[in-house]
Amino acid sequence: MSKDYLVYVDGDFVPGSEARISVFDHGFLYGDGIFEGIRVYSGCIFRLAEHLERLWQSAKMLMLEMPISIEQMERAIVEALNRNSLVEAYIRVLVTRGKGTLGIDPRTCEKCSVVIITQPLKPLLGEKAKLEGVRTIIAWVRRDSVDATSHEIKSMNYLNSILAKIEAINAGVTEAILLDRNGFVSEGSAENLFIVKNGRISTPPMTAGILPGVTRQTIIDLAGDLGYPIVERNITPYELFSADEVFLTGTAAEVVPVREISSRPIGSGERGPVTARLAEEFDRFKRDPRNGVLITEDIRIVAGVDPPEENQRTS
Ligand code: PXG
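Reading guide: rules and limits
- Residues numbered from 1 in each chain as written.
- Predicted model: local features only at pLDDT ≥ 70, side-chain atom pairs only at ≥ 80, totals over all residues.
- Heavy atoms only, no water.
- Helix = DSSP H or I, 4+ residues; strand = E, 2+ residues; numbered from the N terminus.
- Buried < 20%, exposed > 50% of the residue type's maximum accessible area, 1.4 Å probe, protein only.
- Contact = heavy atoms within 4.5 Å.
- Lys, Arg positive; Asp, Glu negative; His and termini not counted.
- Charge placed at Lys NZ, Arg CZ, Asp CG, Glu CD.
- Phe/Tyr/Trp six-rings, centres within 6.5 Å; stacked < 30°, edge-to-face > 60°.
- Lys NZ or Arg CZ within 6 Å of the ring centre and 35° of its normal.
- 1 Å grid on protein atoms, 1.4 Å probe; cavity = no way out; pocket = protein on both sides within 12 Å on 5 of 7 lines; lining within 4 Å.
- Points joined across faces, edges and corners; volume = space filled by probe spheres on them.
- Nonpolar A, V, L, I, M, F, W, Y, C, P; charged D, E, K, R; others polar.
- Pairing = 2+ DSSP bridges.
- Axes fitted to C-alpha atoms, helices over the stretch in contact; angles between N-to-C directions.
- pLDDT = per-residue confidence, 0-100.
- Near = heavy atom within 4 Å.
- Polar contact = N/O pair within 3.5 Å; in protein donor to acceptor, adjacent residues only side chain to side chain.
- Areas by Shrake-Rupley, 256 points an atom, 1.4 Å probe, with all protein chains shown as cover.
- Domains from an automatic or database assignment.

### Describing the overall build of the protein chain
For the protein chain, the count of helices and strands is nine helices and 16 strands. Projecting the C-alpha coordinates of the protein chain onto the three principal axes gives extents of approximately 55 × 50 × 40 Å. Looking at the protein chain as a whole, 52% of its 315 residues are labelled buried. Sequence-distant contacts, at least 24 apart, represent 69% of the contacts inside the protein chain between residues at least 6 apart. Between the averaged position of the 36 positive side-chain charges in the protein chain and that of its 44 negative side-chain charges there is a distance of 3 Å.

The following block contains the structure:
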């Protein structure tokens, strides 16, 4: 049996097996809530500030009143990791609308609930996938548009992605790629997407209903630093099939090559050179303590760095 890690629920730390949220919570009743998936590498919470910024933006869109401040959230996350002695981990932060009545009116919910789950990481698509690539399909279901339950909001409503994932599973492949309502490429069920053609990198824009991925932004920045031309623009399915390389990015997936889309091999069918270079650079970047928040003073000393001012814990 796996270890019963402590989970933070509204200020208390309880064993995961005993952590409880009410069945009257609108997060459960209606998917009325938001979340973040964050990773910890060598005791450093990768891009924590960016994840919390996105969480607060999601809350603003849904008019959820955050019951704790960003600083309190940061301290609770660090404490959860320390209590569970985790230095390589996956963090799931959830904020639900809270307990209310049967009926969608959010005014019946008194107070938002906050849950923080921390666990050792199991790679989302597998370690092998990062080297050999994954087989995918283009799903029949379209990404929700920006004026609907857009994935710009990282909400608890993941049915759009789940329908696509079910389709991928039934087709015997690992992942589904969704198109937007105009037929342009959007993203994977839980990853952003990039294509490479003749050394030029492109990725769908926010208008394609994508989640503004933290890994996506990191890859855009790294590609720029490495001197690759990179643009955010609409991509057609034809461009996807005829790309030299296609890869997916996400917190849990990291950088994963796509070797097949709807039965068509992509490029050579193996991880391409640009994908390999970016994956290598990402692996270096994610372990650099300057790119996150260190969880203990000890680790800060071991790492021999002074993190930038804004990343220091206020304890
Ligand atoms: N698009 C969607 C729709 C996502 O849900 C990403 C892109 C990648 O974003 P980041 O910020 O992680 O680079 C996501 C990621 C997981 C997990 O376990 C991640 C997501 C959803 C469910 C599980 O990593 N979102």
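### Regarding the packing of aromatic side chains
Evaluation of the coordinates by the stated rule reveals six aromatic pairs. When the ring of F194 is compared with that of F247, the centres are 5.0 Å apart and the planes differ by 5 degrees; the resulting orientation is stacked. Note that F194 is positioned in strand β10 (residues 192–197) and F247 in strand β13 (residues 245–250), a separation of 53 residues in sequence. Note on F247: relative accessible area 0%, which makes it buried. An aromatic cluster is present here, built from Y41, F46, F282 and F285 joined pairwise through their rings. Stacked on the ring of F241, the Lys or Arg R264 has its end atom at 4.6 Å from the ring centre.

### Digging into empty space enclosed by the protein
For the coordinates displayed, the defined rule picks out two cavities of 30 Å³ or more. In this structure, the largest cavity spans a volume of roughly 50 Å³. Every element with two or more residues in the lining of the largest cavity is listed here: β3 (33–41) and α6 (214–226). Counting residues per element, the lining of the largest cavity draws most heavily on β3, which supplies three residues. Looking at the lining of the largest cavity residue by residue, the class counts come to five nonpolar, three polar and one charged. Taken together, D244, E245, V246, P257, V258, I266, E270, G272 and T275 make up the lining of the second largest cavity. Put simply, the parts of the chain that give the lining of the second largest cavity at least two residues each are β13 and β14 (254–261). Taken together, the residues that form the lining of the second largest cavity break down as four nonpolar, two polar and three charged.

### A few points about the sheet that holds β3
With antiparallel pairing, seven strands are arranged side by side in an open sheet as β2-β1-β6-β5-β3-β4-β16. Every other strand in the sheet has two partners, leaving β2 (12–15) and β16 (292–294) as the edge strands with one partner each. Mean inter-strand twist for the sheet, computed between neighbouring axes without regard to direction, equals 25 degrees. By the bridge criterion, two bridges tie strand β1 (residues 6–9) to strand β6 (residues 113–120) in an arrangement that is antiparallel. Residue V9 lies in a different strand from β6, and its bridge partner there is V115. Across the sheet, helix α3 (residues 70–83) lies against β1, β2, β3, β4 (44–46), β5 (89–96), β6 and β16, angled at about 35 degrees from β6, the strand it touches most.

### Concerning the confidence of the model for the protein chain
Averaged over the protein chain, the pLDDT score is 93; the fraction of residues at 70 or greater is 93%. Here residues 298–315 scores under 50 on pLDDT; set against residues more than four positions off or in separate chains, the count is 29 contacts.

### Quick word on unusual backbone geometry
Of note, S42 is a non-glycine position whose phi angle comes to about 45 degrees, a positive value. Within the secondary structure, S42 sits in the loop between β3 and β4. Accessibility expressed as a relative area gives 36% for S42, which makes it partly exposed. Not every positive phi belongs to a glycine, and M63 is a case in point at roughly 55 degrees.

### Overview of the site of the ligand
Inspection of the region around the ligand gives 21 residues, with K154, Y158, E187, T215 and T251 positioned closest. One of the side-chain nitrogen or oxygen atoms of Y90 is found 2.8 Å away from an oxygen atom of the ligand. About the coverage of the ligand: the protein hides 93% of its 530 Å² of free accessible area. When residues of the shell around the ligand are traced back to their parent elements, those giving at least two are β5, α6 and β13. Looking at the shell around the ligand, its residues break down into seven nonpolar, eight polar and six charged. The two domains that each donate at least three residues to the shell around the ligand are domain 1 (6–119) and domain 2 (127–271).

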